[in-house]
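Structural overview
Residue-level listing of the chains:
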Amino acid sequence: MTLTLASQSPRRRELLEQLGISLEVRPADVDEAPRPDEQPEEYAARVARDKARAVPGETVLAADTVVALGGALLGKPRDAGDAQRMLRALSGSEHQVVTAICGRRGDREEALAVASRVRFAPLSEEQIAWYVATGEPLDKAGAYAVQGLGGAFVLEIRGSVSNVVGLPLCETLALLGRLGFAPPWALARPERAPS
């Protein structure tokens, strides 16, 4: 059984492929501009739902991850200066990472959102300049990748670690199961020892 992933995120693809899930990647083209007064979880849920509905497939999975600091959305930085601004804001503080997931199979749809809390170490201007110069923050929500070099600045994560990477695996597999998509362990055929 193949899952259609309505996302261009290489991190989501890698997480699902590590589990042995066969994927067809079809990025969705939807409006991702935040609406006035839209809260982080509402925004992520809307974008994930729109992505899931925009892509054809027998079983479609879409997700959207946002970083929120004091209720403000920190999306992908526009440029290096914007990445520096975000990292200064995250320095020494705690923020929330919310991933909304939407799965669709036929006319059935399941959705949920998972939130994790992340605490950053205080960052010096030298650390920020170095990290931005690596290029890693430039295509990441909140201007960092916990699974990459940005993990060096994370003191604590409360909640799902894979959520902070971009896809809460435990909750995603449960959602797919409710849609009738078999988990990887149901498809595996363990080898029997000779008798």
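First, a word on what this report is: a plain description of the structure on this page.

What counts and what doesn't
- Residues numbered from 1 in each chain as written.
- Predicted model: local features only at pLDDT ≥ 70, side-chain atom pairs only at ≥ 80, totals over all residues.
- Heavy atoms only, no water.
- Helix = DSSP H or I, 4+ residues; strand = E, 2+ residues; numbered from the N terminus.
- Buried < 20%, exposed > 50% of the residue type's maximum accessible area, 1.4 Å probe, protein only.
- Phe/Tyr/Trp six-rings, centres within 6.5 Å; stacked < 30°, edge-to-face > 60°.
- Lys, Arg positive; Asp, Glu negative; His and termini not counted.
- Salt bridge = Lys/Arg side-chain N within 4 Å of Asp/Glu carboxyl O.
- Contact = heavy atoms within 4.5 Å.
- Arc of directions from axis to C-beta.
- Disulfide = S-S within 2.5 Å.

This paragraph deals with unusual backbone geometry. Unlike most non-glycine residues, Asp-37 shows phi in positive territory, near 65°. Looking at the secondary structure, you find Asp-37 in the loop between strand 2 (22-25) and helix 2 (40-54). For Asp-37, a relative accessible area of 74% gives the class exposed. Here Ala-143, not a glycine, exhibits a phi torsion of approximately 70°, which is positive. For Ala-143, the location among the structural elements is in the loop between helix 4 (125-133) and strand 7 (154-158). Relative accessible area serves as the criterion here: at 0%, Ala-143 is assigned to the buried category.

Quick look at the packing of aromatic side chains now. Here the structure, examined in full by the defined rule, presents four aromatic pairs. Measuring from ring centre to ring centre gives 6.5 Å for Trp-130 and Phe-153, while their planes differ by 90°; the resulting arrangement is edge-to-face. You can see Trp-130 sitting in helix 4 and its partner Phe-153 sitting in the loop between helix 4 and strand 7, a full 23 residues away along the chain.

On the secondary structure map, Arg-104 appears in strand 5 (residues 94-105). As a buried residue without a salt bridge, Arg-104 has its nearest oppositely charged side chain in Glu-109, at a separation of 5.4 Å. Filtering out sequence-adjacent residues up to four positions away, Arg-104 remains in contact with Ala-52, Arg-53, Val-55, Pro-56, Gly-57, Glu-58, Thr-59, Val-60, Glu-109 and Leu-179.

Turning our attention to helix 6 (residues 169-178). Turning to helix 6, its buried residues number three or more, namely Leu-169, Thr-172, Leu-173, Leu-175 and Leu-176. Buried positions in helix 6, seen along its axis, are confined to an arc of 160° and lie on one side of it. Of the residues flanking the end of helix 6, it is Gly-180, one or two places downstream, whose phi is positive at about 90°.

A few words on the state of the cysteines. Counted under the stated rule, the structure contains zero disulfides. Cysteine Cys-102 shares no disulfide, and the gap to the nearest cysteine sulfur, in Cys-170, comes to 18 Å. You can call Cys-170 exposed: its relative accessible area is 61%.

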